[in-house]
Amino acid sequence: MSDVRELHERLEATEELPVRPDASVWLGEAAAIAADLADADLPRSVVVDRVQRIEALLDEIETTGNERADEHVEAATRLAVRIVDEDG
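Being a predicted model, the structure only gives us computed values, none of them experimental.

Quick word on the packing of helix α1 (residues 3-13) against helix α3 (residues 44-59)
Piece 1. Where α1 contacts α3, the axes come no closer than 12 Å and their chain directions differ by 30°. When the axis of α1 is compared with that of α3, the two are roughly parallel. Seen along the crossing, α1 lies across α3 with a hand that is left-handed. Contacts between α1 and α3 pair V4, L7 and L11 from the former with V47, V51, I54 and L58 from the latter.
Piece 2. Its residues assigned to classes, the contact of α1 with α3 shows seven nonpolar, no polar and no charged.

Some thoughts on the nonpolar core
Piece 1. Judged by nonpolar contacts, the single largest core of 23 residues is most densely connected at L7, L11, L37, V51, I54 and L58.
Piece 2. Listing elements by their share of this core, those giving two or more residues are α1, α2 (21-38), α3 and α4 (67-86).
Piece 3. Look past the residues within four positions of I54 in its chain and what remains in contact with it is L7, L11, A30, I33, A34 and L37.

Concerning the environment of D85
Piece 1. The topology assignment puts D85 in helix α4.
Piece 2. With 34 residues separating them in the primary sequence, D85 and V51 have C-alpha atoms 11 Å apart.

Quick look at the environment of S45
Piece 1. Its place among the elements puts S45 in helix α3.
Piece 2. Measuring from C-alpha to C-alpha, the distance between S45 and V84 comes to 9.5 Å, with 39 residues separating the pair along the chain.

Thresholds applied
- Residues numbered from 1 in each chain as written.
- Predicted model: local features only at pLDDT ≥ 70, side-chain atom pairs only at ≥ 80, totals over all residues.
- Heavy atoms only, no water.
- Axes fitted to C-alpha atoms, helices over the stretch in contact; angles between N-to-C directions.
- Helix = DSSP H or I, 4+ residues; strand = E, 2+ residues; numbered from the N terminus.
- Parallel < 35°, antiparallel > 145°, perpendicular 65-115°, else oblique.
- Left-handed = near helix turned anticlockwise from the far one by under 90°.
- Contact = heavy atoms within 4.5 Å.
- Nonpolar A, V, L, I, M, F, W, Y, C, P; charged D, E, K, R; others polar.
- Core = buried A, V, L, I, M, F, W, Y, C linked by side-chain atoms within 4.5 Å.
- Buried < 20%, exposed > 50% of the residue type's maximum accessible area, 1.4 Å probe, protein only.

See the structure below:
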């Protein structure tokens, strides 16, 4: 599984969990970007740019108020960092 697809799945997993309203806004936007990337055939530079946006959105979340969602956010953040770092 590609890191981008896993990133999308981690963010998608938060959609059905009860989270704080402020976190929901950031998660929703990040999940939408990740969904667009999951199956797209885009230049690496575009993927990296969009994943950096996801990383910035996730950075806005202190807590979701849900332990399982927090775990998904932490995993998604690690994946985003790895995707960006792979770019060198």
